[in-house]
Amino acid sequence: MKLLPLIVAAIMLSSLEYNLPEKYSSFEEYPVYDGFDLGLEYHMDASKFKIWAPTAQKVRLHLYEKALGGEPYRSLEMTLSEKGTWITIIKENLKGKYYTFQVLHQNQWLDEVPDPYVYAVGTNGKRGHIIDLNETNPVDWENDKSPILRGYEDIIIYELHVRDMSTHANSGIQQKGKFLGLTILGTQSPDGEETGLDHIKSLGVTHVHLLPAYDYLSIDESKLEEHQFNWGYDPQNYNVPEGSYSTNPADGAVRIKEFKQLIKTFHDHGIRVILDVVYNHTGATEKSNFNQLVPGYYYRQNATGAFSNASGCGNETASERPMMRKFMLESLKHWVNEYHIDGFRFDLMAIHDMESMDLIARELRAIDPNIFIYGEGWTAGDSPLPDDKKALKRNTYLMDHVAAFSDDIRDGLKGHVFAANAKGFISGKEGLEETIKFGIVASTQHPQIDYKQVNYSDTAWAKSPLQTVTYVSCHDNHTLWDRLTLSCPEASEEAKKSMHKLALTIVLTSQGIPFLHAGVELGRTKYGEENSYKSPDHINQFDWTWKTKNKDIFKYTQALIALRKAHPAFRMTSTEMLKKHIRFLDTQEKIVAYRISGHANGDHWKDILLIFNANNTLKKVNIPKGDWMMALNAAEINTEGLRIVKGTSVDVAGSSAMILFQTN
Ligand code: CA
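Scoring rules and cut-offs
- Residues numbered from 1 in each chain as written.
- Predicted model: local features only at pLDDT ≥ 70, side-chain atom pairs only at ≥ 80, totals over all residues.
- Heavy atoms only, no water.
- Helix = DSSP H or I, 4+ residues; strand = E, 2+ residues; numbered from the N terminus.
- Rg over C-alpha atoms; globule rule 2.2 N^0.38 Å.
- Buried < 20%, exposed > 50% of the residue type's maximum accessible area, 1.4 Å probe, protein only.
- Areas by Shrake-Rupley, 256 points an atom, 1.4 Å probe, with all protein chains shown as cover.
- Lys, Arg positive; Asp, Glu negative; His and termini not counted.
- Charge placed at Lys NZ, Arg CZ, Asp CG, Glu CD.
- Donors = N, O, S within 2.8 Å, 3.2 Å for Na, K, Ca; no water.
- Core = buried A, V, L, I, M, F, W, Y, C linked by side-chain atoms within 4.5 Å.
- Pairing = 2+ DSSP bridges.
- Contact = heavy atoms within 4.5 Å.
- Phe/Tyr/Trp six-rings, centres within 6.5 Å; stacked < 30°, edge-to-face > 60°.
- Lys NZ or Arg CZ within 6 Å of the ring centre and 35° of its normal.
- Domains from an automatic or database assignment.
- Buried area = accessible area lost by both parts, 1.4 Å probe.
- Polar contact = N/O pair within 3.5 Å; in protein donor to acceptor, adjacent residues only side chain to side chain.
- Nonpolar A, V, L, I, M, F, W, Y, C, P; charged D, E, K, R; others polar.

## Brief notes about the overall build of the protein chain
Then step 1. Each helix and strand in the protein chain was counted, giving 13 helices and 28 strands.
Then step 2. On C-alpha atoms alone, the protein chain measures out to a radius of gyration of 26 Å, which is about the 26 Å that the 2.2 N^0.38 rule sets for 664 residues.
Then step 3. In terms of its C-alpha atoms, the protein chain occupies a principal-axis envelope of roughly 90 × 55 × 45 Å.
Then step 4. Counting all 664 residues of the protein chain, 64% fall into the buried class.
Then step 5. Put simply, the protein chain shows about 23,800 Å² of open surface, and 50% of that area lies on carbon and sulfur atoms.
Then step 6. Computed over 71 positive and 85 negative side-chain charges, the inter-centroid distance for the protein chain is 3 Å.

## Comments concerning the coordination of the calcium ion
Then step 1. All of the protein donors around the calcium ion are D215 (OD), Y216 (O), E221 (OE) and E242 (OE); their distances to the metal are 2.2 to 2.4 Å.
Then step 2. Each donor residue of the calcium ion lies on the same chain, and together they follow the pattern D-Y-x4-E-x20-E.
Then step 3. Judged by its relative accessible area of 1%, Y216 falls in the buried class.

## Digging into the nonpolar core
Then step 1. The biggest cluster of nonpolar side chains holds 162 residues, and the ones touching the most others in it are F49, Y158, F259, F344 and F346.
Then step 2. In terms of residues, this core owes the most to one element, helix α4 (residues 322–339), which gives nine residues.
Then step 3. Ranked by size, the runner-up nonpolar core spans 15 residues in total, among them I157, Y471, C474 and F515.

## Focus: the sheet that holds strand β2 (residues 46–52)
Across a sheet, paired strands are connected by hydrogen bonds in the backbone, their directions being either parallel or antiparallel.
Then step 1. Pairing is antiparallel in the open sheet, where four strands are placed in the order β1-β2-β6-β5. Looking at the sheet topology across the chains shown, the edges are occupied by β1 (39–43) and β5 (79–80).
Then step 2. Pairing analysis gives five bridges linking β1 to β2, with the strands arranged antiparallel. Each residue of the ladder has a partner; that of Y42, found in β2, is S47.

## Notes on the environment of E640
Then step 1. With respect to the helices, strands and loops of the structure, E640 is situated in the loop between β25 (636–637) and β26 (644–645).
Then step 2. Discounting chain neighbours no more than four positions away, the residues touching E640 are M629 and F661.

## What to know about the packing of aromatic side chains
Then step 1. The final tally for this structure, using the stated rule, is 42 aromatic pairs.
Then step 2. Between Y24 and Y30 the ring centres are 4.7 Å apart and the planes differ by 45°, which places this aromatic pair in the tilted class. In this pair, the class of Y24 matches that of Y30, namely buried.
Then step 3. Between the aromatic rings of Y30 and Y297, the centroid separation amounts to 5.5 Å while the plane-to-plane angle is 15°, which identifies the pairing as stacked. Of this pair, Y30 sits in the segment before β1 while Y297 sits in the loop between α3 (289–293) and α4, and the two are 267 residues apart along the sequence.
Then step 4. On the basis of relative accessible area, Y297 is assigned to the buried category, the value being 1%.
Then step 5. Over the ring of Y73 we find K97; its NZ or CZ atom is 5.2 Å from the centre of that ring.
Then step 6. Its guanidinium or amino end placed over the ring of Y64, R127 lies 3.4 Å from that ring's centre, counting from NZ or CZ.

## Here we look at the domain arrangement of the protein chain
Many descriptions give the size of an interface as the accessible area lost when the pieces come together.
Then step 1. By the assigned domains, the protein chain splits into domain 1 (152–277 + 320–350 + 362–371 + 398–570) and domain 2 (582–662).
Then step 2. For domain 1 and domain 2, the distance between their C-alpha centroids amounts to 28 Å.
Then step 3. Counting from both sides, the interface comprises 30 residues of domain 1 and, opposite them, 29 residues of domain 2.
Then step 4. The contact between domain 1 and domain 2 buries some 2,500 Å² in all, and 72% of this surface belongs to carbon and sulfur atoms.
Then step 5. Linking domain 1 with domain 2 are eight residue pairs in polar contact (both at pLDDT 80 or more).
Then step 6. Those elements giving two or more residues to the side of domain 1 that touches domain 2 turn out to be α7 (433–440), α9 (493–509) and α12 (551–566).
Then step 7. Looking at which element gives the most residues to the side of domain 1 that touches domain 2, the answer is α9, with seven residues.
Then step 8. Split into classes, the residues belonging to the side of domain 1 that touches domain 2 amount to 17 nonpolar, eight polar and five charged.

Structure representation (structure tokens):
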């Protein structure tokens, strides 16, 4: 390979001193670069390339004409600059060219890779693409605004994979599997049911949480005619949208523009957008961009010096190291500032240290205080990071403005997630009342809960209800419908529907942040497949005939969401408020009942009585004396009131909920 002399080096040392790895005895000794100009800075008359590679002996920049294949048309050596950075400035208009970096490490040239900060790539993310980000903005982008959100308490999350709503032949959506497939209005199933964007809008959710939409490894973007599917939990380029969701993965600008179009469309229709971020590990380990530039640094090591593996995917990143923490923060800010993203769901969040998560929350909330940050408060394996530093669920109360998924309520409702046949509260298992109560108060401290009886936690882990994400199902594991099919083989279709609706009622009336797996409103099935991360579209996709068949579940979910949005009593903002307004009633086995009293959180309903009967038979439940209006009874919902209930008891049907209220 022919090396051309340096074109320009604006910041140049008089003599190059190579930082040999031997120079450092530990990663802690690596210099920390605190500038904000890592990556490419493109201008029409010059492009500046800067990367951090403190252990490199030499660094080359390679320029290509194409996204894949061929030889570089130019390769040049970069200049060592401050704090382990390397820099090259080329005073030409490089727009349209592709680039990689290559590091000489311990006398060996490592693989060519884009830098971690790369913001545009070509096919399969192998090379950076030099583009003008200003040219990636869709029409009217300068007027794009996130819909108004009063506070976290108003959030209702809908978790969706980019492909799932459009790939079925009956979706009525032409842009199958693409970002653009979620931007089209007026699409219908053959039965005339709304699909895609109209479907999401009519449901009434406030936020769509997209499964990984950054560039990931597992799909070959050069073979899109093969209809490959993956969830995308194998990050490759963190700051770039995934190419297979675009109409042209080779052109780095196209995926950016199309993803921005999706975000703008959602915003225009009142929906905020959340990204699922997987900074906890990289799809590749030795061969990742991180590791080819600064071997080892971005990852934790176990006692033998090998990659530790708390992610269960071969490696785990080291958020406590300054340049990894800095990378995460700048990457998140890139998604907020360049793409107007409104929230982040952190995969295996407990692999990250709490200090990093607090810093992230603080800095992102300084941009927009309604950016919502939540994650899985667990790891998928052992980590060298001590538990008291991990962003574990049980440490949530130690963080500010970081929320965690409640596996307590999830498994309390349907049974242990890894025991497919196990039943939960909704399917009639006894002894889960305290767990359900714990879920209702969003994992906060409440005087009426016996924490020793809660399934997983033995203490409150949220200091505010807004730190708890309440759910019964998500992309992982079985859909709620499949789970009920597996764990209740004796149950009729109607009985399963009742249990399904009972679960949705508890999720959507509990305090905290409700979270719905897309399709749960249609009784979604993955045909019994649990870990469908790479299953074909026909397992993962929406079959829109469900909407006809399970119209009742859809209407019921829609009505529950409307109920929640109409009543601030279900959206209290502090633990003190919950303690003051929520009282649980003494009831029989497999029944949880509680009263929200005193116009809680400014609700126009003075008192609300909620009864969840998980017995599969009708139960007579004692209620406080008075005239109550019935708002919900099994599958009927009418927030104006279905009828008046008098007396000191009500009959609640098997596997169903009842909601009563008084206005004065
Ligand atoms: Ca990709």
